[in-house]
Amino acid sequence: MNNSNLIFDRSFVDGKWIAIGASKFDIVNPANGQKIKSVNDGGVAISEKAIGVAFEAFQGWKKTTAKFRATLLEKWHNLILDNTEGLAEIMTLECGKPLKESKGEVSYGAAFVKWFAEEGKRTYGDVIPPHTENRRLVVIKQAVGVVGAITPWNFPLAMITRKVAPALAAGCTVVLRPAEETPLTALAIAHLASIAGFPPGVFNVIIGKDASAMGKVLCESEKVKKISFTGSTRVGHLLMSQSASTLKKLSLELGGNAPFIVFEDANIDMAVEGTIVSKFRNSGQTCVCVNRVIVHEKIYEKFSQKLKKAISKLKVGNGMEEEVNIGPLINKDALKKVNDFVEDAILKGGEVLLGGKRIGECFFEPTLISNANLEMNFSKEEIFGPIIPLYKFSNDEEAIKMANNTVYGLASYFFSENVTRCWRVAEALEYGMVGINEGLISTELAPFGGIKFSGQGREGSKYGMDDYLDIKYMCFGNII
Ligand code: NAP
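Model, not experiment: these values are computed from the prediction.

Relative to each other, helix 9 (residues 268-279) and helix 10 (residues 300-311) sit at 45°, their axes nearing to 10 Å. Comparing their axes, helix 10 and helix 9 come out oblique. Here helix 9 runs over helix 10; the crossing is right-handed. Residues Ile268, Asp269, Ala271, Val272, Thr275 and Ile276 of helix 9 form the contact with helix 10, whose own contacting residues are Lys302, Phe303, Lys306, Leu307, Ala310 and Ile311. Looking at the contact of helix 9 with helix 10 residue by residue, the classes come out as eight nonpolar, one polar and three charged.

Listed below in structure tokens is the structure:
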């Protein structure tokens, strides 16, 4: 274990490790149910304290230069990469993803810190040609204030840096509440931020079991000017309504139900590989995972046989073991939900081509289901597990209609070798992101985010700064 110097058991507020009361809760390894650590349950009290501290810290932090903030972000970025092994182990222990995926997440998450260190220096304003001779019109951008960030367990590091790095680069201070299941990674990177030299109170991490009470405090506080949330659409709705009384800015990165269309002119081997890399990352527990594979009837048989063969090579097991491709699901509820999807599909005419069963208490077989139809529950809901349903179509219009037939609008994918079709279909898909002949689309360089019930706002890219900045227009008059 390379991580003992990175494990903490209480909230990080005002540059100090703070426990409130004696109440604790356990962080459990989803691969075997064993306790990793007990951590302090700071609840509402730590949330209120952190908001006050972040508000005070904002008064000084907002006056620092973007260049100064960039030097601290660069140091933080380097420290995260220097601690790749330790951070990856913590992630695999608390969320179960295979160690090689955790290492990939460390470099992916760190890349946002570097990107926003650079981008913060480019938050240019504008000089607008005036409408009268004696006026001058100028636009500047300013930090919105204290940001409340709430993140999920499935990317315990990258979902944090995608929010915290642009917020800090813009001159905001942050109160972060990570998921109950994965606070250890969050605390470890807060420790590294403190070593990098961020002043006390600028980046605070609050730990507690009661997500709903802690979230309410963040949403209803007048000192918090923005909520940035990644998680389910259900909770996104709730946070939006709770934030109404204080008219907060909101960034919402919510659930998805990604279609993956394979046209008759697709390169089938590439499409199979694209399906595998998109579907099975983190055991199918990512918001951009393929949810519905929609295949042209002419190649349906060939594609499904090749896909079956590729899936049968995947190894399921404890993410700490070498060669494991698919780790556990996060908890028993997740396992039951995935199992229910399979049972529902069988009842409604689905044929299980591969897998379909639990393995012990923690794992689920990678599963391929043929003859999927729109009545099946996974046609409407996010699967969040290692199941691939196969649907059949006969023309482009039908495929596009099936793909758009969901309330979600996060990621979508399709494979075709015809450039005209590629443009036409990409423009017709009602999604924030489209992978064309590609199953892996996330990078800090591009805008990540959705439309419809998948949320609002973008993370990463030049657009990722906008969510943490207010625009101010200044009119200089009487210039004679
Ligand atoms: P979730 O239940 O919505 O939880 C997400 C976060 O919100 C966790 O920290 C959770 O805390 C917290 N939370 C739960 N109820 C809350 C409340 N009433 N008030 C304030 N915070 C609350 O989602 P999940 O099932 O853990 O995560 C998976 C979901 O996230 C999927 O739908 C996935 O698609 C989505 N996701 C989206 C993106 C994206 O970029 N669009 C990326 C990753 C994941 P506790 O864990 O302590 O309950």
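We now examine the sheet that holds strand 20 (residues 411-415). Pairing between the strands of a sheet is mediated by backbone hydrogen bonds and can be parallel or antiparallel. If you walk across this open sheet you meet the seven strands as 14-17-18-13-12-20-21, and the pairing is mixed. Since the sheet does not close on itself, it has two edges, and those belong to strand 14 (351-354) and strand 21 (433-436), each with one partner. Between one strand axis and the next, the sheet turns through 25° on average, direction left out of account. As judged from the three bridges shared by strand 17 (residues 367-370) and strand 18 (residues 387-393), these two strands associate in the parallel manner. Opposite Ile369, over in strand 18, you have Pro389 as the bridge partner. In the packing of helix 9 onto the sheet, contacts are made with strand 12 (258-262), strand 13 (290-296), strand 18 and strand 20, and the angle to strand 13 comes to roughly 165°. Each of strand 12, strand 13, strand 14, strand 17 and strand 18 touches helix 10; the most contacted strand, strand 18, lies at about 170° to it.

Read across the sheet, three strands follow the order 5-6-24 without closing on themselves; strand pairing throughout is antiparallel. Of all strands in the sheet, those bounded by a partner on one side alone are strand 5 (126-128) and strand 24 (469-476). For this sheet, the mean inter-axis angle between neighbouring strands, taken without regard to orientation, is 25°. Of the strand pairs in this sheet, strand 5 and strand 6 (residues 136-143) are connected by three bridges, and their pairing is antiparallel. Across the sheet, residue Val127 finds its bridge partner in strand 6, namely Val138.

A few words now on the nonpolar core. Ranked by internal contacts, the top residues of the largest apolar core, which has 63 residues, are Trp76, Leu168, Phe198 and Phe203. Once you skip the residues sitting within four places of it in the chain, Phe203 turns out to touch Phe12, Trp76, Ile160, Val164, Leu168, Val174, Leu176, Ala190 and Ala193. Residues Trp153, Leu335, Phe364 and Ala426 belong to the second largest nonpolar core, which totals 33 residues.

Of all five residues in strand 7 (residues 146-150), five are buried; the element is thus mostly enclosed. Residues Val146, Gly148 and Ile150 point to one face of strand 7 and Val147 and Ala149 to the other, with burial holding for every one of them. Sheet topology note: the strand 7/strand 8 (residues 173-177) ladder contains five bridges and is parallel. Directly across from Val147, in strand 8, lies its bridge partner Val174. The β-α-β motif built from strand 7, the intervening helix 5 (residues 158-170) and the parallel element strand 8 has right-handed crossover chirality.

It is worth spelling out the domain arrangement of the chain at this point. For the chain, the domain assignment lists domain 1 (4-254 + 454-474) and domain 2 (258-443). One C-alpha centre belongs to domain 1, the other to domain 2, and the line joining them spans 31 Å. With 25 residues of domain 1 in contact, the opposing surface of domain 2 contributes 27 residues. Carbon and sulfur atoms supply 59% of the area buried between domain 1 and domain 2, which totals about 2,100 Å² over both sides. Summed over the three residues of domain 1 that lose the most area to domain 2, namely Ala31, Trp153 and Ser454, the buried surface amounts to 24% of that side. Across the domain 1-domain 2 interface, the total number found is seven residue pairs in polar contact (both at pLDDT 80 or more). Elements with a minimum of two residues in the side of domain 1 that touches domain 2: helix 3 (84-95) and helix 4 (99-119). In the side of domain 1 that touches domain 2, the residues fall into eleven nonpolar, six polar and eight charged.

About the criteria used
Within any chain, residue numbers begin from 1 and follow the written order of that chain's sequence. Only residues with pLDDT of 70 or above have their local features reported here, since the model is predicted, and side-chain atom pairs are shown and tallied only from 80 upward, although totals for entire chains, interfaces and linings are computed over all residues. To obtain the side-chain values, all non-hydrogen atoms of the structure were included, while hydrogens and water were left out. Lines fitted to the C-alpha atoms define the axes, with helices restricted to the stretch that makes contact. Angles between their N-to-C directions range from 0 to 180 degrees. Numbering of helices and strands runs from the N terminus; a helix is a DSSP stretch of H or I covering at least four residues, while a strand is a stretch of E covering at least two. Reported orientations rely on four angle classes, namely roughly parallel under 35 degrees, roughly antiparallel over 145, roughly perpendicular from 65 to 115, and oblique for the rest. If you view the pair so one helix is near and one far, a crossing is left-handed when the near helix is turned anticlockwise from the far one by less than a right angle, and right-handed when it is turned clockwise. Here, residues are in contact when the closest pair of their heavy atoms is within 4.5 Å. Each residue is assigned to one class: nonpolar for Ala, Val, Leu, Ile, Met, Phe, Trp, Tyr, Cys and Pro, charged for Asp, Glu, Lys and Arg, and polar for all the others, Gly among them. Strand pairing requires that DSSP identify at least two bridges connecting the strands. We define the nonpolar core as a collection of buried residues of types Ala, Val, Leu, Ile, Met, Phe, Trp, Tyr and Cys that are connected through side-chain atoms lying within 4.5 Å of one another. Relative accessible area decides the class of each residue, using a 1.4 Å probe on protein chains only: under 20% of the type maximum gives buried, over 50% gives exposed, and in between gives partly exposed. If you view a crossover with the strands going away from you and the path from the first strand over the helix to the second runs clockwise, you call it right-handed. Residue ranges for the domains originate in an automatic or database domain assignment. Summed over both partners, the accessible area lost on bringing two parts together, with a 1.4 Å probe, is the buried area. Here a polar contact is recorded for every N or O atom pair within 3.5 Å, except that within protein the pair must consist of a potential hydrogen donor and a potential acceptor, and residues adjacent in sequence are included only if both atoms are side-chain atoms.

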